[in-house]
Amino acid sequence: MTTPVSVVRLPRGPEPNSRGFDPKSPRFIALCRTSISTSQANAEQSEEEQRARSELRETFLRCLLSMSNKKVQFHLYEKVKMEATFGASDIDVLNFQVSNLHTPIGVQKEAMIRCQDIISFAFDV
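Computed from a predicted structure; not experimentally measured. (Residues numbered from 1 in each chain as written. Predicted model: local features only at pLDDT ≥ 70, side-chain atom pairs only at ≥ 80, totals over all residues. Heavy atoms only, no water.)

Caption draft 1: Seen up close, the overall build of the protein chain. In terms of helices and strands, the protein chain carries two helices and five strands. Going from the N terminus to the C terminus, the protein chain shows its helices and strands as α-α-β-β-β-β-β. Per-residue burial for the protein chain yields a buried fraction of 16% across its 125 residues. A sequence separation of at least 24 residues applies to 28% of the contacts in the protein chain between residues at least 6 apart. (Helix = DSSP H or I, 4+ residues; strand = E, 2+ residues; numbered from the N terminus. Buried < 20%, exposed > 50% of the residue type's maximum accessible area, 1.4 Å probe, protein only. Contact = heavy atoms within 4.5 Å.)

As C-alpha cells, this is what we get:
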C-alpha cells in the first residue's frame, strides 16, 4: 500500500476562471503568514545581496568589454589550451564569439565557444 500524502489546497482566485489568487482571502493569508522581524531581516539581507550581485555583474561586464579584440587563452577540459582573439559574448553569457582560434588540430577563422566547456580564460593586458 502506498503512503498517503497530504495535499495543500491553494486559495481560490478572485474570479472563477482567473489564475491569480485573492490576496485578501483568509486561506491565502494563513498560508503566507510571516513575522515582521523575519521579513525586515530578509529585506535588509536581500538589499545587501542585491548590491553585491550588481557589483559583481558590473565588474564581469566591464571585463567582457575590455576583452574585445584582445588575445585570449582558454583552458578547457582534458588539458586543452586554445588561443584566439575575443569578439563578443551573447546576452546570456553562454557563448563566446572568437576569431583566429588556434586549436590543437588547426586554426578556425571564426568560432563560437560554449562557456560550459571552458574551465578558465585569461587575456593579455
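Caption draft 2: The sheet that holds strand β2 (residues 81-89), seen in detail. Read from one edge to the other, the open sheet built from five strands follows the order β4-β3-β2-β1-β5, with strand pairing classed as antiparallel. Looking at strand neighbours, the two that pair on one side only are β4 (106-114) and β5 (118-123), the edges of this open sheet. Neighbouring strand axes in the sheet, compared pairwise and without regard to direction, differ in orientation by 35 degrees on average. With five bridges joining them, strand β1 (residues 71-76) and β2 adopt antiparallel strand pairing. What sits directly across from lysine 71, in β2, is threonine 85. (Pairing = 2+ DSSP bridges. Axes fitted to C-alpha atoms, helices over the stretch in contact; angles between N-to-C directions.)

Caption draft 3: Main features of the environment of glutamate 83. Inspection of the secondary structure assignment puts glutamate 83 in strand β2. Classification of glutamate 83 as partly exposed rests on a relative accessible area of 35%. Along the backbone, glutamate 83 and valine 72 are eleven residues apart, and their C-alpha atoms lie at a distance of 5.6 Å. For glutamate 83, the contacting residues outside a window of four places in its chain are Lys71, Val72, Gln73, Asn100, Leu101 and His102.

Caption draft 4: Structural context of the side chain of threonine 85. Relative to the helices and strands, threonine 85 resides in strand β2. Relative accessible area serves as the criterion here: at 16%, threonine 85 is assigned to the buried category. Of note is the side chain of threonine 85, whose polar atom sits 3.5 Å from the side chain of lysine 71. In this structure threonine 85 touches Asn69, Lys70, Lys71, Gln97, Val98, Ser99 and Asn100, once residues within four positions along its chain are discounted. (Polar contact = N/O pair within 3.5 Å; in protein donor to acceptor, adjacent residues only side chain to side chain.)

Caption draft 5: Fine view of the packing of aromatic side chains. Taken as a whole and judged by the stated rule, the model has four aromatic pairs. Ring plane angle 80 degrees and centroid distance 5.5 Å describe the contact between phenylalanine 96 and phenylalanine 121, whose orientation is recorded as edge-to-face. Residue phenylalanine 96 is found in strand β3 (residues 95-103), and its partner phenylalanine 121 is found in strand β5; the two are separated by 25 residues along the sequence. A relative accessible area of 1% places phenylalanine 96 in the buried class. Judged by relative accessible area, phenylalanine 121 falls into the partly exposed class, the value being 27%. (Phe/Tyr/Trp six-rings, centres within 6.5 Å; stacked < 30°, edge-to-face > 60°.)

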